[in-house]
Amino acid sequence: MAVERTLAILKPDCVRKDLIGAVVKQIQENEFKIVSLKMVRLSKEGAEGFYEVHRGRPFFEDLTVFMSSGACVPMVLEKENAVSDFRKLIGATDPAEAEHGTVRKLYADSKGENIVHGSDSPENAGIEIAYFFPISELVQMHK
Ligand code: ADP
Ligand code: MG
């Protein structure tokens, strides 16, 4: 299995609850390398663009209001099998259904405010990484 990249976002609830450090620690303890990381505040339109595939869903308005409600921390993670391993680490979308020990089970309040985003396929990871990070911010740190 080749080394792969995924996009993670620590969502505004994670930042507001002062959980950046705890979640980054858990990510690093699970052998993901941080390739790039920053703090940004999405506009409403920026959040809509990121979640374009969900436009028209009943939760789209609440989701994009929430994602633009405060700072978030996008980061690019690298690991063998990063996309699916990160989805395993964060757990199910609804924290009530997430496995014990996952980020969402540990910290999330609800399906709408669930602490963290993770790309769902290598193809989408590429698109989502490019949404936040220009090539110049994707330096090879771990060679
Ligand atoms: P995931 O983030 O696990 O990939 P989805 O891509 O299906 O989940 O949805 C994107 C985000 O939209 C979720 O993380 C969650 O914050 C929100 N969301 C999804 N489904 C619902 C729902 N039924 N009610 C409220 N919020 C939802
Ligand atoms: Mg998704």
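What this report covers is the structure whose coordinates are included nearby.

1. Brief notes about the site of ligand 1
Lining the immediate environment of ligand 1, one finds Lys11, Tyr51, His54, Phe59, Leu63, Arg87, Thr93, Arg104, Lys111, Gly112 and Asn114. Arginine 87 has a polar side-chain atom sitting 2.8 Å from an oxygen atom of ligand 1. Within the side chain of arginine 104, one N or O atom sits 3.0 Å away from an oxygen atom of ligand 1. When the free accessible area of ligand 1 is taken as 530 Å², the share hidden by the protein chains comes to 77%. Counting atoms within 2 Å of the grid points, the majority share of ligand 1 lands in the largest pocket. A per-class count over the shell around ligand 1 returns three nonpolar, four polar and four charged.

2. A short note on the side chain of threonine 64
Positionally, threonine 64 belongs in helix α4 (residues 60-67). A distance of 3.2 Å separates a polar atom in the side chain of threonine 64 from the backbone oxygen of glutamate 61.

3. Description of the sheet that holds strand β2 (residues 33-37)
Strand pairing in a sheet relies on backbone hydrogen bonds, with the paired strands running either antiparallel or parallel. In space, the four strands of this open sheet follow the order β2-β3-β1-β4, with antiparallel pairing throughout. Each end of this open sheet is capped by a strand with a single partner; those strands are β2 and β4 (116-118). Sheet twist, expressed as the mean angle between neighbouring strand axes with direction ignored, is 25 degrees. Where β2 and strand β3 (residues 73-80) come together, four bridges link them in antiparallel fashion. Directly across from isoleucine 34, in β3, lies its bridge partner leucine 77. Its contacts with the sheet place helix α2 (residues 20-29) against β1 (3-10), β2 and β3, and it is angled at close to 15 degrees to β3.

4. Some words on the pattern of salt bridges
Using the criterion set out here, one finds 10 salt bridges in the structure. Lysine 38 is the salt-bridge partner of glutamate 137, the closest N and O atoms lying 2.7 Å from each other. Placement of glutamate 137 in the segment after α7 (122-132) and of lysine 38 in the loop between β2 and α3 (44-50) is noted, with a sequence separation of 99 residues between them. The exposure class assigned to glutamate 137 is partly exposed, which follows from its relative accessible area of 32%. Between lysine 44 and glutamate 48 there is a salt bridge; the shortest N-O distance is 2.6 Å. One end of the pair, lysine 44, and the other, glutamate 48, are both in helix α3, four residues apart, so they sit about a helical turn from each other. Where salt bridges share partners, they join Lys44, Glu48, Glu52, Arg55 and Glu61 into one cluster.

About the thresholds
- Position labels on residues start from 1 in each chain and follow its written sequence.
- A letter from A marks each chain and a number from 1 marks each ligand, given out in the order of writing.
- A pLDDT threshold of at least 70 governs which residues receive local features in this predicted model, and a stricter bar of 80 or more applies before side-chain atom pairs are shown or counted, although totals over entire chains, interfaces and linings include all residues.
- Calculation of side-chain values draws on the structure's entire complement of heavy atoms; hydrogens and water are dropped beforehand.
- Whether a residue is near a molecule or strand is decided by its heavy atoms; if any one of them lies within 4 Å of it, the residue is near.
- Whenever two N or O atoms come within 3.5 Å, that pair is a polar contact, provided that in protein one can donate a hydrogen and the other can accept it, and provided that, for residues adjacent in sequence, both atoms are side-chain atoms.
- Note on areas: Shrake-Rupley, 1.4 Å probe, and residue coverage restricted to the protein chains presented here.
- The rule is simple: put a 1 Å grid over the protein atoms alone, call a set of points where a 1.4 Å probe fits but cannot get out a cavity, call an open set with protein on both sides within 12 Å along at least five of seven lines a pocket, and count a residue as lining if it has an atom within 4 Å of a point.
- Assignment to a cavity or pocket requires that more than half of a molecule's atoms be within 2 Å of the site's grid points.
- Polar here means any residue outside two lists: the nonpolar Ala, Val, Leu, Ile, Met, Phe, Trp, Tyr, Cys and Pro, and the charged Asp, Glu, Lys and Arg; Gly therefore counts as polar.
- Runs of H or I in DSSP of at least four residues are treated as helices and runs of E of at least two as strands, each being numbered from the N terminus.
- DSSP calls a pair of strands paired once it identifies at least 2 bridges connecting them.
- Under this scheme, a helix contributes an axis fitted over its contacting stretch, all axes are lines through C-alpha atoms, and angles between N-to-C directions fall in the 0 to 180 degree range.
- Whether two residues touch is decided by their heavy atoms; if any such pair falls within 4.5 Å, the residues are in contact.
- Any carboxyl oxygen of Asp or Glu that lies within 4 Å of a side-chain nitrogen of Lys or Arg is treated as forming a salt bridge with it.
- Categorising residues by exposure relies on relative accessible area from a 1.4 Å probe, with only protein chains included: less than 20% of the type maximum marks a residue as buried, more than 50% marks it as exposed, and the intermediate range marks it as partly exposed.

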